[in-house]
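# Structure at a glance
Below, each chain spelled out in residue letters.
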Amino acid sequence: MSSAQEKSSPGRGGRVTVVVYAADPVLRVGVVHQLRQRPEIDLLDEADAERAQVSLVVVDHVDDDVAALLERLRLNTGTRTGLVVGTLGSGALQRVIECGVSAVLRRTEADQDQLLHLILAVANGEGVLPGDLLGKLLSHVSSIQRSALDPRGLSLSTLTTREADMLRLVSEGLDTAEIARKTAYSERTVKNVLHEIITRLQLHNRAHAVGYALRNGLI
């Protein structure tokens with residue numbers, strides 16, 4: 001099996017392979033204890049991080065050390081990253097999205113079911129953001145001057161109407177099935193359209209695409 005194939009392969013019995021990162025050992029033990037009870041999860045040690053489908057980072061807040069870790073994890077293209085965080089402002093939210101984080105969960109909401117939901121969503125390429133954090137992100141990016149657009153003049157024409165509509169629904173927290181119902185397209189079409197946006201704009205995931213589109217006034 002090639003290295004790329006090995007990275008994308010599920011864990012034993014089709015389970016999602018996960019590595020948990022936490023500077024605080026107490027936080028790590030708590031999360032690991034909850035995940036170890038779930039048959040859907042195959043926990044790996046950091047030494048085996050190259051084989052993980054999901055990197056789960058658990059922190060109190062996002063500082064430069066956390067951002068550096070997220071940037072390092074982004075280099076492993078076979079792994080997607082989720083973040084469980086105590087506090088996260090709008091600026092920090094945009095920062096972690098640009099570091100390749102595809103899903104965020106508050107620690108106060110991180111029970112076993114929510115952790116599992118986050119991990120499965122990340123493994124499936126879905127973005128997960130609490131609704132109020134999306135609101136903060138919208139407010140934050142709306143304050144950015146239009147002069148931030150690149151000299152080629154990014155505009156609504158960068159996205160088709162269908163692409164913009166689907167990204168707006170992603171920004172509202174809808175998953176693939178819900179977007180399909182709203183737009184009357186198949187789930188496969190929704191996935192293909194969103195994948196095309198991410199690929200064309202050279203982004204990392206759906207959450208990054210939403211952040212990029214909002215920041216550049218595309219939706």
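Here's a quick rundown of the structure. Being a predicted model, the structure only gives us computed values, none of them experimental. (Residues numbered from 1 in each chain as written. Predicted model: local features only at pLDDT ≥ 70, side-chain atom pairs only at ≥ 80, totals over all residues. Heavy atoms only, no water.)

## Description of the pairing of strand β4 (residues 80-85)
- Burial of β4 is extensive: five of the six residues sit out of reach of the surface.
- In the sheet, strand β3 (residues 54-59) pairs with β4 via six bridges, with the strands oriented parallel. Residue pairing in the sheet places Ser-55 in a bridge with Thr-81 of β4.
- Handedness of the crossover joining β3 and β4 through helix α3 (residues 64-74): right-handed.
- Where β4 and strand β5 (residues 101-106) come together, five bridges link them in parallel fashion. By the bridge assignment, Gly-82 is partnered in β5 with Ala-103. (Buried < 20%, exposed > 50% of the residue type's maximum accessible area, 1.4 Å probe, protein only. Helix = DSSP H or I, 4+ residues; strand = E, 2+ residues; numbered from the N terminus. Pairing = 2+ DSSP bridges. Right-handed = clockwise from strand over helix to strand, strands pointing away.)

## Details of the environment of Val-20
- Relative to the helices and strands, Val-20 is located in strand β1 (residues 16-21).
- Taking the C-alpha atoms as reference, Val-20 lies 7.2 Å from Val-32; in sequence the two are twelve residues apart.
- With sequence-adjacent residues up to four places away left out, Val-20 is seen in contact with Arg-28, Val-31, Val-32, Leu-35, Leu-43, Glu-46, Leu-56 and Val-58. (Contact = heavy atoms within 4.5 Å.)

## Concerning the pattern of salt bridges
- All told, the structure shown has nine salt bridges when counted by the stated rule.
- Asp-60 is the salt-bridge partner of Arg-107, the closest N and O atoms lying 2.2 Å from each other. Residue Arg-107 is found in the loop between β5 and α5 (112-123), and its partner Asp-60 is found in the loop between β3 and α3; the two are separated by 47 residues along the sequence.
- Classification of Arg-107 as partly exposed rests on a relative accessible area of 33%. (Salt bridge = Lys/Arg side-chain N within 4 Å of Asp/Glu carboxyl O.)

## A short note on the sheet that holds β1
- The five strands lie next to each other as β2-β1-β3-β4-β5, forming an open sheet whose pairing is parallel. The sheet is open, and its two borders are formed by β2 (41-43) and β5, each paired with just one other strand. The sheet shows a mean angle of 30 degrees between the axes of neighbouring strands, taken without regard to direction.
- Here four bridges tie β1 to β3, and the two strands are oriented parallel to one another. For Tyr-21, the partnering residue across the bridge sits in β3 and is Val-57.
- Of the strands in this sheet, β1, β3, β4 and β5 touch α3, which is tilted by about 180 degrees from β3. (Axes fitted to C-alpha atoms, helices over the stretch in contact; angles between N-to-C directions.)

## Some words on helix α10 (residues 206-215)
- Burial of α10 is extensive: nine of the ten residues sit out of reach of the surface.
- For α10, the N-terminal capping position is held by Asn-205, with its side-chain oxygen 3.2 Å away from the main-chain nitrogen of Ala-207.
- Two residues or fewer past α10, Gly-217 is found with a positive phi of approximately 70 degrees. (Polar contact = N/O pair within 3.5 Å; in protein donor to acceptor, adjacent residues only side chain to side chain.)

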